[in-house]
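Fold and contact review
Each chain, written out:
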Amino acid sequence: MRILGISAHYHDSAAALLIDGMPICAVQEERLSRRKNDAAFPLSAIEWCLEQGHLEPEQLDAVVFYEKPMLKFDRILTIALRGFPRTWRSFPRAMQNALGGKLWVKGIIASRLGVRSDRILFCEHHQSHAATAFLTAPVQRAAILTADGVGEWATLTLGRGDIDDDGQARIGISRELRFPHSLGMLYSTFTAYLGFPVNEGEYKVMGLAAYGRPAFEDLLWRIVRRTPDGGIALDLSYFDYHESARRGWSRKLVDALGPPRDPRDPIDLSTPEGQRCADVAASVQRVVEEILVDLARQLQRETGLPDLCLGGGVALNGVANARILRESGFSNLYVPPAPGDAGCAIGAALYADRIHFGRRHGAFPDHPYWGPVVDASELAHIAAEDGFEAHRLTEPELLPRIAEELAQGRIVGWMQGACELGPRALGNRSILAAPHDASMREHLNRSIKYREEFRPFAPAVPIELADRYFELPRGGARLARFMSGVFPVRTEWRERLAAVTHVDGTARVQTVDPSMAPRFHALLHAYGARTGIPVLLNTSFNLSGEPIVNRAVEGYSTFRRSDIDLLVAGDALVTKRRSAQTLPEVA
Amino acid sequence: MHPVPSPVDRLLKPLHRWIWADAGRRARKLLRFAETEADGGRDLARAAELTRDPVLRRLFFRHAGDEQRHADLFARRGRELLAAATADRGFEANWLAPGERGLDDLRVEDEADETLLAFLHLSEQAAAGRFAAYAEVLDADPQTRALFARILEDEAFHMTYTRKQLARLSPKKQGLRLWQARAARIWSAYLRLASAVAGVLGRLLLLVQYFLLLPPFALLAKRAARSEPVGFAPARRPMPMKSQY
């Protein structure tokens, strides 16, 4: 059975292909279109997936969209009606958006792919999230918690998943919070209030929070009320996102917190205004953590299960994830590498395969590498054409060489195998550097990533050595597999891991398993053999405002436009040294 | 090639003088220019990634680097002005006094190198003319004026190389390519305008419906909302996957 999963139209479109229950490939549209967070119908991603499966669209047994468009429209219309007449500004825009395309997904899929409309299926948004979290995790049964901004109506769901001995899977959602009461919208509203782009700047809020005190926590608890059944209800008088297309917060929030930050004003933490921003970030982060931990605790008590699968964009909050693991009573927390909407392409396809068609569940490969494979010869060819020194090296030559260069403070663009699905670079499309000196973090932020100084970098460490450098709770090494948890760096190592230790002494660590990323694991050991510390700074291979690189030529382009010293794609190595043969001056 | 203001920009000189006189507005405009230059730099980097011509690749990378540097320069100066200015967050007149338009919504991956070069040449020429006009009205702010002068030197190089490379790749049809690019720019401006007008008209029609048709339904929706429980709700019964509801 051949099933194509699609997520599209809101942010981060993607496509994924399952054949006989096993994933063949998955890719975000942005990696191919090169437009960051591309929300367009993912035609390039679909074409690439079909090419990988050697399929024509008419050979697909099902195409599954990751949410139910009519149900979503029902919510948009109902909210507009409830807010009448205050919604007069947002209504025309919302209707134009929906009627102009988003509502007619079935027709779009049928016409653009040429598939029969009776083969097009729709999975509820949070069911897609739940399926991504549960059906990709190495568990037979687990509690499931999903949370994001909003899907159709649901914004947060609690439930459980079971796979019986015959391989029959079941996902049961027991209860849900509904729009406009949403943890994801709360966090996103504060992201925008702090001057960061929504659906992208949430990491910045999390990073900024460590510099502040939760000075506004009391106010936040007045804004977010806990309900007797353990849920939440937002005081909507502080928000406008349900009634306005322009901004998420109301005048009342500004009166209580002060003016929002203009996105063009830099954050200077030495000023009272910069500190106020950090305090706001710390307050919202604290409240969201407390609520998530409490909800997880309720779920653990109800299900009595040791494992929790977490999905939805909120699951990208690594600080909250680590607290859930430590404090909720669950022994293991599974967060997929793409818990947000992009991962729903896989989730929707899996849901259709296992639950709609009732096919037997088979273990899902436990890695994030589902995208296009890098072509080393492409890099060698272009670099040679442009007059750069390019070498093809064997692994025994390559790894010690790269380890030596890293030890000498050089910055390496590292591309191996297939591109990751999801927002994290997990060793196949990474920028690597020595993690020891804080000046490296400043250099990377200033000259390579062109981003705010307060943003931390993540360390990667061989899984078997992680505990030596980081305080991992039980289940922490698993949570760190896809860089989904933030954990304390052991005090005695903080100075020697200064470039990856955040101001609060933590790091969003990646534990590298040799079965998942053998060459990256071997590189860490080679670096350890050279320096005594097998830890590397690992950040996504992209420049500010661009998606993570996919093909070798895109890595090369980033290498050319930044202070990256060496570029590795597969076994090809390029340095910034010019070879004797260079192009003549032309203009 | 020495950039000079276009006749239209000369005509608009009093307006430009008024727009650029206020330090707050000047800061905002420079910060906006910085964003546009950074976007343009990304488009050019994409063009460099896609071309098979090593000479063009090298020039596009250099051009992308220039655009990024311009973005940094504009941003730095914009922030300096912003810090010193009493806040003016009002009208920026971006339609009448824009920055660089880059590839003008052209999809880099769909176009041949010659087409890109023709577009780039026209775009750089227009931007250089505008920047020259802005520099002329900045007597009171020599630093910003010097910034434009510095950027204009790069713009002159960009205009030159795009023209020369167009001549190299399309020696017999370079004039035609430029006319095609001019026509395409006019067409894309028309499409932008038409879609803006259609958007306004559509919004107006929806607004009329909103106030005429929705009130009774709004009343019902508000009444139904009052009876909704606060906090958790039982999960919806799963609907068949063929259903869009």
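Residues numbered from 1 in each chain as written. Chains lettered and ligands numbered in written order. Predicted model: local features only at pLDDT ≥ 70, side-chain atom pairs only at ≥ 80, totals over all residues. Heavy atoms only, no water.

**Let's talk about the overall build of chain B**
A tally of helices and strands in chain B yields seven helices and one strand. Along its sequence from the N terminus, chain B presents helices and strands in the succession α-α-α-α-α-α-α-β. The C-alpha radius of gyration computed for chain B amounts to 24 Å, which surpasses the reference 18 Å derived for 245 residues by more than 25%, pointing to a less compact arrangement than a globule. By its C-alpha atoms, chain B is 70 × 50 × 35 Å across when sized along the principal axes. Here chain B holds 245 residues, and 47% of them are scored as buried. The long-range share in chain B, meaning contacts at least 24 apart out of those at least 6 apart in sequence, stands at 80%. When the accessible surface of chain B is split by element, carbon and sulfur atoms take 61% of a total near 12700 Å². Positive and negative charge centroids in chain B, built from 40 and 30 side chains respectively, lie 5 Å apart. (Helix = DSSP H or I, 4+ residues; strand = E, 2+ residues; numbered from the N terminus. Rg over C-alpha atoms; globule rule 2.2 N^0.38 Å. Buried < 20%, exposed > 50% of the residue type's maximum accessible area, 1.4 Å probe, protein only. Contact = heavy atoms within 4.5 Å. Areas by Shrake-Rupley, 256 points an atom, 1.4 Å probe, with all protein chains shown as cover. Lys, Arg positive; Asp, Glu negative; His and termini not counted. Charge placed at Lys NZ, Arg CZ, Asp CG, Glu CD.)

**Some details on the packing of aromatic side chains**
Residues and elements named next belong to chain B. Evaluation of the coordinates by the stated rule reveals 30 aromatic pairs over all chains. Ring geometry for tyrosine 134 versus phenylalanine 148: centroids 5.9 Å apart, planes at 70°, classification edge-to-face. Residue tyrosine 134 is located in helix α5 (residues 113–136), and its partner phenylalanine 148 is located in helix α6 (residues 142–169); the two are separated by 14 residues in the primary sequence. For the pair tyrosine 134 and phenylalanine 148, a shared accessibility class is recorded, and that class is buried. Every member of this aromatic cluster is reached through a ring pair, and the members are Trp20, Phe33, Phe74, Phe131, Tyr134 and Phe148. For the cation-ring pair, arginine 182 lies above tryptophan 179, with the distance from its terminal atom to the ring centre recorded as 4.5 Å. (Phe/Tyr/Trp six-rings, centres within 6.5 Å; stacked < 30°, edge-to-face > 60°. Lys NZ or Arg CZ within 6 Å of the ring centre and 35° of its normal.)

**As for the pattern of salt bridges**
In the structure shown here, the tally under the stated rule is 59 salt bridges over all chains. Arginine 519 of chain A is the salt-bridge partner of glutamate 395 of chain A, the closest N and O atoms lying 2.8 Å from each other. Of this pair, glutamate 395 of chain A sits in helix α15 (residues 395–407) while arginine 519 of chain A sits in helix α20 (residues 518–531), and the two are 124 residues apart along the sequence. When its relative accessible area of 22% is taken as the criterion, arginine 519 of chain A is described as partly exposed. Close ionic contact of aspartate 513 of chain A with arginine 481 of chain A constitutes a salt bridge, the shortest N to O distance being 2.9 Å. Of this pair, aspartate 513 of chain A sits in the loop between β21 (510–512) and α20 while arginine 481 of chain A sits in the loop between α18 (476–479) and β19 (487–488); the two residues are 32 residues apart in sequence, bridging distant segments of the chain. By relative accessible area, aspartate 513 of chain A is classed as buried at 17%. Each member of the salt-bridge network shares a partner with another, and the members are Arg34 and Glu554 of chain A together with Arg46, Glu49 and Glu109 of chain B. (Salt bridge = Lys/Arg side-chain N within 4 Å of Asp/Glu carboxyl O.)

**Remarks on the nonpolar core**
All names here are of chain A. Ranked by internal contacts, the top residues of the largest apolar core, which has 132 residues, are Leu145, Leu186 and Phe470. With 14 residues, the single largest contributor to this core is helix α11 (residues 272–303). Phe41, Ala45, Phe122 and Ile171 belong to the second-largest nonpolar core, a separate cluster that totals 62 residues. (Core = buried A, V, L, I, M, F, W, Y, C linked by side-chain atoms within 4.5 Å.)

**Some thoughts on the environment of leucine 11 of chain B**
Structurally, leucine 11 of chain B can be placed in helix α1 (residues 7–11). Separated by 161 residues in sequence, leucine 11 of chain B and lysine 172 of chain B place their C-alpha atoms 35 Å apart.

**Quick look at the environment of serine 174 of chain A**
Mapping serine 174 of chain A onto the fold places it in strand β8 (residues 169–178). Between the C-alpha atoms of serine 174 of chain A and glutamate 290 of chain A, which are 116 residues apart in sequence, the distance is 21 Å. Residues in contact with serine 174 of chain A, not counting those within four places in the same chain, are Leu158 and Gly159 of chain A together with Pro234 and Ala235 of chain B.

**Notes on unusual backbone geometry**
Most of the time, phi is negative for any residue but glycine, and the peptide bond is trans. Residues and elements named next belong to chain A. Residues phenylalanine 84 and proline 85 are joined by a peptide bond in cis, for which omega reads 5°. With respect to the helices, strands and loops of the structure, proline 85 is situated in the loop between α3 (69–82) and α4 (90–99). With an omega dihedral of 10°, the bond running from phenylalanine 179 to proline 180 counts as a cis peptide bond. Mapped onto the fold, proline 180 is located in the loop between β8 and α7 (183–193). In the Ramachandran plot, arginine 34 falls in the positive-phi region, its phi being about 65° despite a non-glycine side chain. Secondary-structure assignment places arginine 34 in the loop between α1 (29–33) and α2 (43–52). Judged by its relative accessible area of 15%, arginine 34 is buried. Unlike most non-glycine residues, histidine 54 shows phi in positive territory, near 50°. Inspection of the secondary structure assignment puts histidine 54 in the loop between α2 and β4 (62–65).

**Let's talk about the sheet that holds strand β6 (residues 141–147) of chain A**
If you walk across this open sheet you meet the six strands as β12(A)-β11(A)-β6(A)-β7(A)-β8(A)-β1(B), and the pairing is mixed. Strands with a single pairing partner mark the edges of an open sheet, and in this sheet they are β12 (332–334) of chain A together with β1 (233–234) of chain B. Relative to β8 of chain A, strand β7 (residues 154–163) of chain A is paired through nine bridges, and the arrangement is antiparallel. Residue glycine 159 of chain A lies in a different strand from β8 of chain A, and its bridge partner there is isoleucine 173 of chain A. (Pairing = 2+ DSSP bridges.)

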